[in-house]
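Structure at a glance
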Amino acid sequence: MTGDYGSNSFSLREENPSLDHGRREVTQPGSEEGALDLVQVSGRIKWFDVAKGFGFIIPDNGMPDVLLHVTCLRRDGYQAANEGARIVVEAVQRPRGLQAFRILSLDESTALHPSELPLPRTHVQVVPTSGLEPAVVKWFNRLRGFGFLTQGEGKPDIFVHMETLRRYGIAELKPGERVFVRFGDGSKGLMAAEVRLADMALPHSH
């Protein structure tokens, strides 16, 4: 096939000047000069969602975030990229910014478990007004960072923020999962102040 990665359209020419700039022009498809201008970027994974099929890299040199697509990741032999992992890529300039073209190295030893990530200072705290009560996960989206719990029909949903889960060592919730929740009044209705998985050991009061 003419679209193989070894063709001119995907080669980095040795006669190109040194790649020392964060922004590079990409030759338009169909032109005789089909080589891509690639720039090497070192940084860490900001976030990556396999379900969405993409994520972003934060470069060490202060450049704008670099898009990392799942096709690039898997083509180079990787199944996922966890937040905090160190990565070195060759990136190409696209209309919306830099995009990873080839992964040179990926070091997962520095990756953070979601429960280890620092809490943002903007997270709104809520004063609990309930005891630790049973509930079921109605909906949760890790990428958006929040979801809702339900205690059954006729009762208001309970908003739950990702940072609240991280505080109690929970990385993610799945619809239908049983939990225990302590909640209070927030700016948008009931809001979880504490969440425990149903199979977690709960504190006893003897």
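Conventions we followed
- Here the residue index of a chain counts from 1 through its sequence in written order.
- Reporting of local features is limited, given that this is a predicted model, to residues whose pLDDT is at least 70; pairs of side-chain atoms are given and counted only at 80 or more, and all residues count toward the totals for whole chains, interfaces and linings.
- Excluding hydrogens and water, the side-chain values take into account all heavy atoms of the structure.
- Residue-level confidence of the predictor is what pLDDT reports, using numbers from 0 through 100.
- Two residues form a contact once any of their heavy atoms are found within 4.5 Å.
- Each nonpolar core is a collection of buried residues, namely Ala, Val, Leu, Ile, Met, Phe, Trp, Tyr and Cys, held together in the definition by side-chain atoms within 4.5 Å.
- Relative accessibility decides the category of a residue: with a 1.4 Å probe and only protein chains considered, values under 20% of the type maximum give buried, values over 50% give exposed, and everything between is partly exposed.
- Runs of E in the DSSP output that reach at least two residues are strands. Runs of H or I that reach at least four are helices, and both are numbered from the N terminus.
- Here a pair means two rings of Phe, Tyr or Trp (six-membered ring of Trp) with centres within 6.5 Å. Their orientation is stacked below 30 degrees between planes, edge-to-face above 60, and tilted elsewhere.
- Strands are labelled as partners when DSSP assigns at least two bridges between them.
- Salt bridge, as applied in this entry: a Lys or Arg side-chain nitrogen positioned within 4 Å of an Asp or Glu carboxyl oxygen.

For the rest of this paragraph, the subject is the confidence of the model for the protein. Across the protein, pLDDT averages 77, with 73% of residues at or above 70. In this model, residues 1–34 is a region of pLDDT below 50 whose contacts with residues beyond four sequence positions or in other chains number 45 contacts.

Looking at soluble globular proteins, one finds that nonpolar side chains tend to be buried together. With 20 residues, the main nonpolar core has I45, L68, I87 and I103 as its most contacted residues. For this core, the secondary structure elements donating two or more residues are strand 1 (38–49), strand 3 (66–69), helix 1 (70–75), strand 4 (86–94) and strand 5 (97–107). Here L68 is in contact with I45, F48, G53, F54, G55, I57, L73, A81, I87, A100 and I103, once residues within four sequence places are set aside. Counting 17 residues, the second largest nonpolar core, distinct from the first, contains F140, L149, M162 and V195.

Turning our attention to the packing of aromatic side chains. In this structure the tally under the stated criterion is eight aromatic pairs. Plain terms: the ring middles of F146 and F159 are 5.5 Å apart, the flat faces sit at 25 degrees to each other, and that makes the pair stacked. With F146 in strand 7 (residues 146–150) and F159 in strand 8 (residues 158–161), this pair connects stretches of sequence that are 13 residues apart. Pair check on accessibility: F146 and F159 agree, each one buried. In textbook terms, an aromatic cluster arises when at least three aromatic residues are bridged by ring pairs, as seen for W139, F146, F148 and F159.

This part takes up the pairing of strand 9 (residues 178–186). Direction of pairing for strand 6 (residues 133–141) relative to strand 9: antiparallel, over a ladder of four bridges. Pairing of P134 across the sheet is with F180, part of strand 9. Between strand 9 and strand 10 (residues 189–197), which pair antiparallel one after the other, the connecting turn spans two residues.

Looking now at the pairing of strand 10. Of all nine residues that make up strand 10, seven are buried, and the element is covered over most of its length. In this structure, strand 9 lies alongside strand 10, joined through eight bridges in antiparallel fashion. Within the sheet, the bridge partner assigned to V181 lies in strand 10 and is V195.

This paragraph deals with the environment of M191. Residue position: M191 is located in strand 10. Here the alpha-carbon distance between M191 and V127, two residues 64 residues apart in the chain, equals 9.1 Å.

On to the pattern of salt bridges. Pairs can form between side chains of opposite charge once their charged atoms are near each other. Taken as a whole and assessed by the stated rule, the structure comprises eight salt bridges. Between R86 and D60 there is a salt bridge, and its shortest N-O distance comes to 2.6 Å. A residue pair is termed long-range when its members are at least 10 positions apart, and R86 in strand 4 and D60 in the loop between strand 2 (54–59) and strand 3 qualify at 26 residues. Accessibility expressed as a relative area gives 31% for R86, which makes it partly exposed.

The residue M162 is located in helix 2 (residues 162–167) in this model. Remark: the alpha-carbon pair of M162 and F146, spanning 16 residues in sequence, is separated by 5.3 Å.

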